[in-house]
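# An overview of the molecular structure
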Amino acid sequence: MKLNEECLCASTPIIKASPAGGSVRGSDLNPSVLLTTGGYPLKLRPHTKVRRYSVKPERPKVIEEDRMRKSLFFISWALLCCCCCWTTQAEVFTSIGQMTDLIYTEKELVQSLREYIKAEESKLAAVKSWANKLDALTRVSTSDPEGYLAHPVNAYKLMKRLNTEWSELESLVLQNPSDGFISNMSVHRQYFPDEEDEMGAAKALMRLQDTYQLDSEAFSRGKLPGIHSNAILTVDDCFDMGKTAYNDADYYHAVLWMQQSLKQLDAGEEAVVSKADILDYLSYSVYQMGDLPRAIELTRRLVAIEPGHQRAGGNLRYFERLLFKQLNELNQAYQPSSEEPIQLGTYSRPRDHLPEREAYEALCRGEGLQMNEARRSRLFCRYQDGKRNPRLLLKPMKEEDEWDSPHIVRYLEILSHEEIEKIKELAKPRLARATVRDPKTGVLTTANYRVSKSAWLEGEDDPVIVRVNQRIEDITGLTVDTAELLQVANYGVGGQYEPHYDFSRKDEPDAFKRLGTGNRVATFLNYMSDVEAGGATVFPDFGAAIWPRKGTAVFWYNLFKSGEGDYRTRHAACPVLVGSKWVSNKWIHERGQEFRRPCGLTEVD
């Protein structure tokens, strides 16, 4: 929507005068914006006369802090600066497995902080002891200075105190107990997440909110399906969530989170952010969602709280003129905004690039499954010996049908706990952001629709990989000599892989050209963890959902026997709602399967 210059809107990039005198990020500077209060730039039409606006200073909230509190604040500020100066690839949030290291890092830093506090308290106790002793001494000496100094011992001790002891006290005061803590912090900060990680984690929560149809209240209070915890979001947390969405022009989620922030603030929860700031963002986001009556009502509340607000008055007049213009064109009477609070479903979620979004997300919730009694009657379980493979004769694999057409099977007890732990141990140091192949260029790149980290393991890495590869060959009857390496993946916050094909389509003929092994004929997917909620593998085309079970694996063919792609196998890894999802997969290629899986008589055999 192109905004009228009369509407003083909140917009990115943010340029804000820091109350503490902080600097403005260079990346935030934009010649098309004018510095204003509240952290929002004011977009101006070319040739518009520009007034100078003064930035109203914040009212002081504290009067005095003791020395230790000031010192702690200085340390926090210094560390924040250090962390902000260090740059990293925003990849931390994409793997729960790697994020667990941060838990132990934080624990160590807390211990280091406590040691600093103890040292600071010891130092203050020593200084206080000096002060008490000298206070008593000076009361005596100043009552009769000449009489006091008439005693030679007192005269000597005065010389000694001023020459030696006060110097020692000065050295004590100048000691900085924070040096050890700062040094420890410097060692760990290279592993810290950055701003993009925080933004990625925030967007992951919104993705979970959409996929599993959870309102902001559920997240804020830790009330997720099947679990209730003390992990809550404060007013300021919700505000920051809304601001992340707002800065990304995602007004749908900005409304939901700003409304939740306002709700908790109205309930009496303490916060740093002001009600005026929340209403400022909320009213404009509601306007962007096309709800002028509610935008007017919210802006009136903002004006009532802060009559001199820089944008509110102008925005209110603009919203009112725009609404009455629309009403006149439609020949309708004014209707006040609904008194119902904004909640999930109040506004329609904008559509995106994924055509099967609704079907895919419904399957992730366990809805829209096409399993019925007739289909279930065609599903069986059996012992699989790999056509009398010697390694499976004495201990055949347990095989269960998950779907009839296309045929998808699950193997039970495919990996032992020890094998799983070893594979995770090998993979964890190598985990890197999972990539997808650009269909136009064929180049591997990261994508927002695949949020996980992966590593590739080969037989030379450990005997367990050799055993797993051999087991896959024995079970499927397909050679793995031309297969890709074993890929291990760990999904992060809201980790997912949106609907995709494993095989290359006709419009990307060079996808696997460099491998020289043909297309991906089949997929063997190992589940290496249970997932408390979410994380299903779903097939939107025929309405199937397969839930992770540790130690099991699922297998399906991506190609018909003719070599043509089976487009029904388009599948997705649903976002992980609660838990850590570990999988490993083997993509088996065409070459070498000529006599193991001969061609059929028709294109779809």
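The structure we're discussing is the one just above.
Residues numbered from 1 in each chain as written. Predicted model: local features only at pLDDT ≥ 70, side-chain atom pairs only at ≥ 80, totals over all residues. Heavy atoms only, no water.

What follows deals with the overall build of the protein. The number of helices and strands found in the protein is 17 helices and 20 strands. For the protein, the residues scored as buried account for 44% of the 605 residues in total. Look at the contacts in the protein between residues 6 or more apart in sequence, and 73% of them connect residues 24 or more apart. Surface exposure of the protein reaches about 33,700 Å², of which carbon and sulfur atoms provide 53%. (Helix = DSSP H or I, 4+ residues; strand = E, 2+ residues; numbered from the N terminus. Buried < 20%, exposed > 50% of the residue type's maximum accessible area, 1.4 Å probe, protein only. Contact = heavy atoms within 4.5 Å. Areas by Shrake-Rupley, 256 points an atom, 1.4 Å probe, with all protein chains shown as cover.)

Once that is clear, we can look at the packing of helix α11 (residues 292–305) against helix α12 (residues 312–330). Where α11 contacts α12, the two axes come as close as 9 Å, and the packing angle between them is 155°. The pairing of α11 with α12 is recorded here as roughly antiparallel in orientation. The handedness of the crossing between α11 and α12 comes out as left-handed. In this structure, α11 contributes Leu292, Pro293, Ala295, Ile296, Thr299, Arg300, Leu302 and Val303 to the contact, and α12 contributes Ala312, Gly313, Asn315, Leu316, Phe319, Glu320, Leu322, Leu323 and Gln326. When the residues that make up the contact of α11 with α12 are grouped by side-chain class, the tally is eleven nonpolar, four polar and two charged. (Axes fitted to C-alpha atoms, helices over the stretch in contact; angles between N-to-C directions. Parallel < 35°, antiparallel > 145°, perpendicular 65-115°, else oblique. Left-handed = near helix turned anticlockwise from the far one by under 90°. Nonpolar A, V, L, I, M, F, W, Y, C, P; charged D, E, K, R; others polar.)

This brings us to empty space enclosed by the protein. With the rule as written, the count across this model stands at one cavity of 30 Å³ or more. Within this model, the largest cavity holds a volume of roughly 190 Å³. Considering the residues around the largest cavity, the lining is formed by 18 residues, among which Tyr491, Tyr497, His500, Leu525 and His571 are closest to the centre. With five residues, the single largest contributor to the lining of the largest cavity is strand β12 (residues 486–500). (1 Å grid on protein atoms, 1.4 Å probe; cavity = no way out; pocket = protein on both sides within 12 Å on 5 of 7 lines; lining within 4 Å. Points joined across faces, edges and corners; volume = space filled by probe spheres on them.)

Moving on to the side chain of Lys424. Take Lys424: it is sitting in helix α16 (residues 417–427). For Lys424, the contacting residues outside a window of four places in its chain are Met528 and Trp582.

With the rule as written, the count across this model stands at 20 aromatic pairs. Considering the side-chain rings of Tyr284 and Tyr287, the 5.5 Å spacing of their centres and the 50° angle between planes classify their relative orientation as tilted. Within this pair, Tyr284 and its partner Tyr287 are both found in helix α10 (residues 275–288), separated by three residues, close to a single helical turn. Between the NZ or CZ atom of Arg520 and the centre of the ring of Trp587, over which it lies, the distance is 3.6 Å. Above the ring of Tyr491, the side-chain terminus of Lys581 is found at 4.8 Å from the ring centroid. (Phe/Tyr/Trp six-rings, centres within 6.5 Å; stacked < 30°, edge-to-face > 60°. Lys NZ or Arg CZ within 6 Å of the ring centre and 35° of its normal.)

Among the structural elements, Leu344 can be located in the loop between α12 and α13 (357–364). Judged by its relative accessible area of 29%, Leu344 falls in the partly exposed class. C-alpha of Leu344 to C-alpha of Tyr252: the two residues are 92 residues apart in sequence and 9.8 Å apart in space. Every residue in contact with Leu344, bar those within four places of it in the chain, is listed here: Gln213, Leu214, Asp215, Tyr252 and Leu256.

Close approach of charged atoms lets side chains of opposite charge pair. On inspection of all chains with the given rule, the structure shows 38 salt bridges. Where Glu400 meets Arg549, a salt bridge forms, and the shortest distance between an N and an O atom there is 3.9 Å. Within this pair, whereas Glu400 is found in strand β6 (residues 397–403), its partner Arg549 is found in the loop between β16 (544–546) and β17 (553–557), the two being separated by 149 residues in sequence. When its relative accessible area of 24% is taken as the criterion, Glu400 is described as partly exposed. Members of the salt-bridge network, linked through shared partners, are Asp210, Arg349, Asp352, Arg357, Glu361 and Glu498. (Salt bridge = Lys/Arg side-chain N within 4 Å of Asp/Glu carboxyl O.)

Another point: the nonpolar core. As a rule of thumb, nonpolar side chains are buried together in soluble globular proteins. Ile278, Leu282, Val286, Val538 and Leu577 are the most contacted members of the largest nonpolar core, which totals 58 residues. Broken down by element, this core gets its largest block of residues, nine residues, from helix α9 (residues 251–266). When sequence neighbours within four positions are dropped, the list of residues in contact with Leu282 reads Val255, Met258, Gln259, Leu262, Leu298 and Ile342. Core analysis: the next-biggest nonpolar cluster, separate from the first, contains 33 residues, Ile423, Ala483, Phe555 and Ile588 among them. (Core = buried A, V, L, I, M, F, W, Y, C linked by side-chain atoms within 4.5 Å.)

Turning next to the pairing of strand β13 (residues 520–527). Burial analysis of β13 places eight of its eight residues in the buried class, the great majority of the element. As paired elements, β13 and strand β20 (residues 582–589) share seven bridges and run antiparallel to each other. Counterpart to Leu525 in the pairing with β20 is Asn585. Here β13 runs beside β17; their pairing, made up of five bridges, is antiparallel. Each bridged residue has a counterpart across the sheet, and for Thr523 the counterpart in β17 is Trp556. (Pairing = 2+ DSSP bridges.)

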